[in-house]
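Residues per chain are reported as follows:
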Amino acid sequence: MTKLKVGIIGLGGIARSHCDAIAGLDNVEIVAVADLFEEKRNEYMTKYNIPRSYASHTELLADHEVEAVAVTLGHQLHHRLTIDACRAGKHVLVEKPMALSLEQCDEMIEAAATNQVKLMVGYTQHYYGTSLKAKEILDSGQLGPLITAVCYMSKNWSFAARRPQYRSRYHGGGMWVTNGVHVVDRLTWMMASQAVSVSAAIGTRAHYQASDDSATAFIRYKNGLAGVAVAVGYADGAPNYECQVICANGTLRFSQHGSKYIQLGKGDTWEDVPFADPPTEMHNEWKAFAESIEQNIEPPTHGEYGRHIMEIIFAAERSAITGNEVMLQDSHAWLHQKSGVPVTTRHGWI
Ligand SMILES: NC(=O)c1ccc[n+]([C@@H]2O[C@H](COP(=O)([O-])OP(=O)(O)OC[C@H]3O[C@@H](n4cnc5c(N)ncnc54)[C@H](O)[C@@H]3O)[C@@H](O)[C@H]2O)c1
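One structure accompanies this document, and this report is about it. (Residues numbered from 1 in each chain as written. Predicted model: local features only at pLDDT ≥ 70, side-chain atom pairs only at ≥ 80, totals over all residues.)

## Section: the site of the ligand
Right, so step 1: Around the ligand, the structure places 24 residues, and the nearest of them are Gly10, Gly12, Ile14, Leu73 and Glu95.
Right, so step 2: In terms of residue count, helix H1 (residues 13–23) provides more of the shell around the ligand than any other element does, three residues in total.
Right, so step 3: Class assignment for the residues of the shell around the ligand results in nine nonpolar, eleven polar and four charged. (Near = placed C-beta within 6 Å. Helix = DSSP H or I, 4+ residues; strand = E, 2+ residues; numbered from the N terminus. Nonpolar A, V, L, I, M, F, W, Y, C, P; charged D, E, K, R; others polar.)

This is the structure in structure tokens:
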């Protein structure tokens, strides 16, 4: 079997999850890593048996064996490094949040299209076993028409351990940009439609920092429905990662963190639903990325989709400042990929 040869750029915390996931796949292998720090490079090379490492991403991108890269470093570097990687002819899996402005997202999408490489955004919630099962049930139509959904990510912000960039909105930090993307991704995907407007309250309520720690957004969709996204990094409390979906003939609730469950509501009772549990969500994420390259189809969380999630995030921020509902631009064209490659509906995004 030919393996997809991958380079990982940025060897911080999340790179470990990527490497673990790839180690569990037989069609992907890591051939090189890049990080500024030698001890990190050595640590990863030893632990994951990786043959080469570089001190800069430009050196890694010049490695002809590398076909695809994971951009796994700080938010503010996603844009620049993705563009450099596309120009070097590498497929890109960029960590969330996609970038720090819509202009940056557009340039990333353009760079991928021009260089005919795949661009995927690492919206991990899209690859959880519970999320995939929930989407499958909703798409089957067995619960009847969708009415609304509410998604939470409410957790301890762990202020003392938070690195400075996450406490600064200027550097792309804050609960909303950092973790709100997960909630908005899951909600928007379940709502099976594109957002048309957002009204939100976003603020810094529990910590003294230069970025928000809490957000509630009311999002209207093209299909006429609305959903609510809640992302809060509290100072003390107990976590809630649940998503609840209400349909005309049944309800669903599911969560992947802490206890993993998906429950179906019928006849005033919640019943557990069995679901396929992958080793990790990253396992599914890398499987989908490799599959999109191998089959030349768009990945489920492709660049245009990634941009749409950021559009909702930024519109919510504007709404919180002005106190008004913010209309999104009509971004209908994104359904037709610039690369001309058909969009996969494998994960239900239509
Ligand atoms: N999908 C998820 O659920 C999830 C979870 C955690 C983090 N993330 C995302 O992953 C990204 C990285 O987060 P992290 O916490 O692992 O970051 P981190 O700060 O721990 O690590 C970044 C690494 O990149 C290296 N680096 C910085 N500039 C570099 C350059 N120019 N060339 C090469 N290496 C360079 C640093 O030395 C560091 O080791 C963030 O955008 C974050 O939002 C996603």
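Still more to cover.
## Brief notes about the nonpolar core
Right, so step 1: Residues Val6, Val92 and Ala316 are the most contacted members of the largest nonpolar core, which totals 96 residues.
Right, so step 2: Considering each element in turn, this core owes the most residues, ten residues, to helix H7 (residues 175–191).
Right, so step 3: Each of domain 1 (4–125 + 281–302 + 330–335) and domain 2 (126–272) gives at least three residues to this core. (Core = buried A, V, L, I, M, F, W, Y, C linked by C-beta atoms within 7 Å. Buried ≥ 20, exposed ≤ 12 C-beta atoms within 10 Å, placed from the backbone. Domains from an automatic or database assignment.)

## Side note on the sheet that holds strand E5 (residues 91–95)
Right, so step 1: The sheet built from six strands is open, its strands ordered E3-E2-E1-E4-E5-E6 with parallel pairing. Where the open sheet ends on each side, the last strands, each with one partner, are strand E3 (52–54) and strand E6 (119–122). Across this sheet, the average inter-strand angle for adjacent strands is 25°, counted without regard to direction.
Right, so step 2: For strand E1 (residues 4–9) and strand E2 (residues 28–34), the ladder comprises six bridges, and the chain directions are parallel. The partner of Lys5 across the bridge, within E2, is Glu29.
Right, so step 3: In the packing of helix H4 (residues 78–87) onto the sheet, the strands contacted are E1, strand E4 (68–71), E5 and E6, and the crossing angle to E5 comes to about 170°. (Pairing = 2+ DSSP bridges. Axes fitted to C-alpha atoms, helices over the stretch in contact; angles between N-to-C directions. Contact = placed C-beta atoms within 7 Å.)

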